[in-house]
Amino acid sequence: MSSKEIKDIGIVGYGVYIPKYRISVDEIAKMWHDNGPMMAKTLNVTEKSVPDLDEDTITISVMAARNALARADRGDNTKNNELLSKLGAIYVGSESHPYAVKPSAVTVGEAIGATPVMTAADIEFACKAGTAGLQNVIGLVKSQEIEYGLAIGTDCAQGRPGDQLEYTAGAGGAAFIMGTENIIAKLEGMYSFTTDTPDFWRREHARYPSHAGRFTGQPSYFRHTLSATKGLLEKLDLSIDDFDRVSFHQPNGRFPIAAAKRLSIPYEKLEDSLCVTKIGNTYSAASMVGFARQLDMAEPGERILICSYGSGAGSDAFSFVVTEEIISRRNLAPVTDDYIEDKAMLSYAHYAKHRGKIMMS
Amino acid sequence: MANPILDKVAIVGYEMTDFGDLYEMGIADMSNMAINGALRKAGVDSNEVDALYVGNAGSGQFLGQEHLGCLIASESGIYTNATSIEASGASGTAAMRIVTHGILSGYMERVVVVGVEKMTSLNKSADTQEALATSLDTIWESSMGATLPGNFALMAKAHMREYGTTREQMAQVAVKNHDHARLNPRAQFSNKLRIESVLNSKVLADPINIFEGCAASDGAAAIVMMAPDVAESYDSEPVFLRQSHQTHDYLSLQQRPNLHELRSVRKGAEMGYKKLNITAKDISFAEVHDVYTIAEILAIEALGLVAPGEGGKATEEGKTSLNGEIPVNTSGGLKARGYPIGASGVAQVIEIMDQFKGNAGERQLKDIEWGLAQSLGGAGGTSVVSFFSR
Amino acid sequence: MIIMTRKLVAENWRLEKARYALVGNFCKKCLGYHFPKKQLCLRCKTSEHLEEYKFKHEGKLLEWTKIYDPAKGFDFAGPYYYCIVELEEGIKITTQLKYVTDEGRLKYGMKVKLVFRRLFSHGNEGLNTYGFKAVPVY
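Remember, it's a predicted structure, so these values are computed and weren't measured experimentally.

1. Section: the packing of helix α7 (residues 217–236) of chain A against helix α8 (residues 255–262) of chain A
Residue and element names in this part refer to chain A.
1) Next: Interaxial distance between α7 and α8 falls to 10 Å at its minimum, and their mutual angle equals 55°. Here α7 lies oblique to α8, going by the angle between them. Note on packing geometry: the crossing formed by α7 with α8 is right-handed. Across from Gly217, Gln218, Tyr221, Phe222, Thr225 and Leu226 in α7, the residues of α8 making contact are Phe255, Pro256, Ala258, Ala259 and Arg262.
2) Next: Its residues assigned to classes, the contact of α7 with α8 comprises seven nonpolar, three polar and one charged.

So, in structure tokens, the structure goes:
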């Protein structure tokens, strides 16, 4: 590895994938004799995405990674192999890996053709596993151990039937390829805030996660999100007004809006990231999908804040500045809205089948 | 068979079990009945048998039993060399065909061929389907969700698109074969089938319904084959196997250039006609591999019995019925006589024997010269086409 | 008693590159494509001119059928569409066809793209196997 000085690190490719199926909050509410419109309003979520019978976080990761690659190779297929040969790390962050033991990341590596000279691991940190992977990749690229690295945040979230979480637990994924050349968005810095705050968990072999109700709010989501964001601003000597766009973790449609309000961020700067209202909470993917949608819409020169939140608990905040490259690159793969708008609705019965709630044996 | 005029193999004795649910008999029991029945009819002592060939498609799948040659020979009291031949649905006729090598080379004189299958062993129809699907490409077809009816459905769709063949024409194959089976006391199904029943039955894979396919079936069928000079002392008017051609197409459908014809069957038929210096017009009747209704339509076209694309129409017009121009599957076919896979090819030969010997009862044909048997492995990857005459 | 090919771990491993990334080969001598990859070119009878080739994930739909009586292990997904796709390079593959909401819109020769899906899994404790399936492009 040459030890030339690295000028910039940033995103060289990004891609999302959201399954086609949706169930409406209203449909779930009907099942439990709940008030659907009221629930939708309370959560600020109307529908959530549901994986197909043959989809899981591995298939979603591969689809998102392929989209990221399509942007990274700048529309030139011949560059693909060269880029893949230099792709030195893949981290898949999720709390719903199909295997307890057997990495998702290796299947992604094999499917996109990045194996075998690379490192890989699955990461778990509730809803911020994706950004934790992103940090790992950034570290490796910055230290010049690798030229390119791929970080994916993905989940096929499970909510216990009848639980509040069932209304929001969605499915999706976002993939980011980090590198030093032909950057779409340049990394300015990152900052994390982490404590032991048990607001949400799932024990080994447990089918559904448990949570601590209102405790998931103030001491958990808000404390960590606000602290990480403020810490980043301080670290980079920036004010919140310096940012044109933001994406927070989106466990429902209200928390990120409340967080933005408390940071005096105008709603308009957050709005484009709020995918949760239409696809639900995609957990490890949520802040990253929101960030990807901001990239879909951003102009060159705009500064974007992304701040994840993972229960347990921690937040990772990043600042990126969009480059001219975004113009030619964003249409090399489907944009986030292509997936959000391409949907098919499910009844609760079919949803139950899709989510493995019907036992065949 | 190098010399089509001189080279021929006689079929002397033959016997088959009933086809259907033979729960009280194992695979060796059924074989024993057919083998010794055929030997008795031929008047051959088991000590005189030079070899036993077993045609079987799936005993490893259905019963977890391989090494059938040894099992069946010893359980049938035949203490000579015995070998099992597997070629999916064509196993029985493939075994018969191999015997011609031994007899025509002068190496063997009296050989027994038994086709046998025991399919009612599995608890679930999905398991039976899984066993049948091993005749496809298990990696690139079956593991992608293919089923045997699924593959024939693709062929049916291609035929419908290419030639305008209708669902009704296909259903008529099943109706006709049930009508024939009603005249065959050995048939598995003797019920009258109405075209509406076929069209309204459960869909297996669009456009193939369950009444267009075969049920799981047990059964065995055996023939005794001899060199012509040897046969003279057993039967003054033997029936001869005159030509038999085993041909292939790609195992998996996706590799074939098109799906609206059975290239393997056509190739085998053309080779036979050429060697015998006859044409399809000379064929008096045929037993074909109607594993699904579309398969009979594809077969009669590939054999040249009807023009390409005319199979459905010919069936609808009754040309292939018992009293039609070219009776097809007078036994009831695989559909109604029954389809114990490995046994069915030999059972086709037995129907041809019954017709030539005047033992076909109510379904007896008159003035017959050439009989033809065609069997298929899998979805047409293997074909055996055999020609018989007095 | 039935040995299910798709349960065989080592076999599935051997097929990963083909199923995941459509890796086959191309013979520089006869200019023919092979999928799945061949150890020797079927025409040239040698490996000398073979190079690895990744097929594009696009093609056209040829025949299709809706399977109502699913293959064992696919019962949860039934009924499903099963089809033959001709890839851009002329190689044909068989696979499932997803998202057929209106069969009337399927046309012989229409464009399809291949997506990455779980092909099958073996209960709660067995392996998952992944690979390609087709989606119509209207």
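The structure having been displayed, the exposition proceeds.
2. Overview of helix α2 (residues 36–43) of chain A
All names here are of chain A.
1) Next: Looking at α2, one finds that the buried residues are Gly36, Met39, Ala40 and Leu43. Each buried residue of α2 lies within a common arc of 100° when the element is viewed along its axis, so the set occupies one face. Those residues of α2 that are exposed and aimed more than 90 degrees away from the buried face are Pro37 and Lys41.
2) Next: Where α2 is buried, its residues touch α1 (25–31).
3) Next: Here α2 starts with a cap whose side-chain oxygen sits 3.2 Å from the backbone nitrogen of Met38, and that cap is Asn35.
4) Next: Asn44 sits one or two positions beyond α2 and adopts a positive phi of about 55°.

3. Here we look at the sheet that holds strand β8 (residues 239–248) of chain B
Residues and elements named next belong to chain B.
1) Next: Pairing is mixed across the open sheet formed by nine strands, whose spatial order is β3-β2-β4-β7-β1-β8-β11-β10-β9. Both outer strands of the open sheet, β3 (81–85) and β9 (283–287), are each paired with one neighbouring strand and no more. Averaged over neighbouring strand pairs, the angle between their axes works out to 30° when direction is ignored.
2) Next: Direction of pairing for strand β1 (residues 9–16) relative to β8: antiparallel, over a ladder of three bridges. Residue pairing across strands places Ile11 opposite Val239, the latter belonging to β8.

4. Here's the deal with the interface of chain C and chain A
Often the size quoted for an interface is simply the accessible area lost on bringing the parts together.
1) Next: Taken together, the contact between chain C and chain A spans 22 residues of the former and 27 residues of the latter.
2) Next: Of the roughly 2,100 Å² buried where chain C meets chain A, counting both sides, 55% is carbon and sulfur surface.
3) Next: A salt bridge links Arg117(C) to Glu55(A); the shortest N-O distance between them is 3.1 Å.
4) Next: Linking chain C with chain A are 16 residue pairs in polar contact (both at pLDDT 80 or more), by the criterion used here.
5) Next: Counting only elements with at least two residues in the side of chain C that touches chain A, the list comes to α2 (16–21), β7 (111–121) and β8 (128–136) of chain C.
6) Next: Ranked by residue count, the leading element in the side of chain C that touches chain A is β7(C), at five residues.
7) Next: A per-class count over the side of chain C that touches chain A returns ten nonpolar, four polar and eight charged.

5. Re the pairing of β9(B)
All names here are of chain B.
1) Next: The element β9 is largely enclosed, with a buried count of five among its five residues.
2) Next: Note: β9 against strand β10 (residues 370–377), four bridges, orientation parallel. Bridge pairing links Glu287 to Ala373 in β10.

6. As for the pattern of salt bridges
1) Next: Counted by the stated rule, this structure contains 46 salt bridges over all chains.
2) Next: The salt bridge partner of Glu325(A) is Arg74(A), with a shortest N-O separation of 3.6 Å. Here the residue Glu325(A) occupies a position in helix α12 (residues 325–329), and Arg74(A) occupies one in the loop between α3 (57–72) and α4 (77–85), the gap between them amounting to 251 residues.
3) Next: For Arg266(B), the salt bridge identified is with Glu261(B), shortest N-O distance 2.7 Å.
4) Next: The structure contains a network of salt bridges with shared partners spanning Asp52(A), Asp54(A), Glu55(A), Lys98(C), Arg117(C) and Lys133(C).

7. Remarks on the interface of chain B and chain C
1) Next: Contacts between the two partners involve 37 residues from chain B, matched on the other side by 37 residues from chain C.
2) Next: Both faces considered, chain B and chain C share a buried interface measuring about 3,200 Å² in area, 59% of it formed by carbon and sulfur atoms.
3) Next: With a shortest N-O distance of 3.7 Å, Lys202(B) and Asp69(C) are connected by a salt bridge.
4) Next: Counting the contacts that link chain B with chain C gives 13 residue pairs in polar contact (both at pLDDT 80 or more).
5) Next: The set of elements that each furnish at least two residues to the side of chain B that touches chain C consists of α2 (59–62), α5 (125–132), α6 (148–163) and β5 (203–205) of chain B.
6) Next: Per-element accounting of the side of chain B that touches chain C gives the leading share, seven residues, to α6(B).

8. Points about the state of the cysteines
All names here are of chain C.
1) Next: The final tally for this structure, using the stated rule, is zero disulfides over all chains.
2) Next: Among the cysteines around Cys30, which has no disulfide bond, Cys41 carries the closest sulfur, lying 3.6 Å off.
3) Next: Of the residues examined, Cys30 reaches a relative accessible area of 27% and is grouped as partly exposed.

9. Topic: the arrangement of the chains
1) Next: With two pairs of chains in contact overall, the greatest share of contacts is found between chains B and C.
2) Next: These two, chain A and chain B, are apart from each other, with no contact and a minimum C-alpha gap of 12 Å.

10. Considering the packing of aromatic side chains
1) Next: Applying the stated criterion across every chain yields a total of 28 aromatic pairs over all chains.
2) Next: A centroid spacing of 5.4 Å and a plane angle of 25° characterise the contact between Phe176(A) and Phe291(A), whose relative ring orientation is stacked. Highlighted residues: Phe176(A) in strand β7 (residues 171–179) and Phe291(A) in helix α11 (residues 286–297), separated in sequence by 115 residues. Per residue, the accessibility class of Phe176(A) equals that of Phe291(A), and both read buried.
3) Next: Between Trp140(B) and Phe132(C), the ring centres sit 6.4 Å apart and the planes meet at 10°, which makes this aromatic pair stacked. Pair noted here: Trp140(B) is in the loop between α5 and α6 and Phe132(C) is in strand β8, and the two residues belong to different chains. In this pair, the class of Trp140(B) matches that of Phe132(C), namely buried.
4) Next: One aromatic cluster is present, formed by Trp140(B), Phe26(C), Tyr33(C), Phe35(C), Tyr53(C), Phe55(C) and Phe132(C) through successive ring pairs.

Analysis parameters
- Residues numbered from 1 in each chain as written.
- Chains lettered and ligands numbered in written order.
- Predicted model: local features only at pLDDT ≥ 70, side-chain atom pairs only at ≥ 80, totals over all residues.
- Heavy atoms only, no water.
- Axes fitted to C-alpha atoms, helices over the stretch in contact; angles between N-to-C directions.
- Helix = DSSP H or I, 4+ residues; strand = E, 2+ residues; numbered from the N terminus.
- Parallel < 35°, antiparallel > 145°, perpendicular 65-115°, else oblique.
- Left-handed = near helix turned anticlockwise from the far one by under 90°.
- Contact = heavy atoms within 4.5 Å.
- Nonpolar A, V, L, I, M, F, W, Y, C, P; charged D, E, K, R; others polar.
- Buried < 20%, exposed > 50% of the residue type's maximum accessible area, 1.4 Å probe, protein only.
- Arc of directions from axis to C-beta.
- Polar contact = N/O pair within 3.5 Å; in protein donor to acceptor, adjacent residues only side chain to side chain.
- Pairing = 2+ DSSP bridges.
- Buried area = accessible area lost by both parts, 1.4 Å probe.
- Salt bridge = Lys/Arg side-chain N within 4 Å of Asp/Glu carboxyl O.
- Disulfide = S-S within 2.5 Å.
- Phe/Tyr/Trp six-rings, centres within 6.5 Å; stacked < 30°, edge-to-face > 60°.

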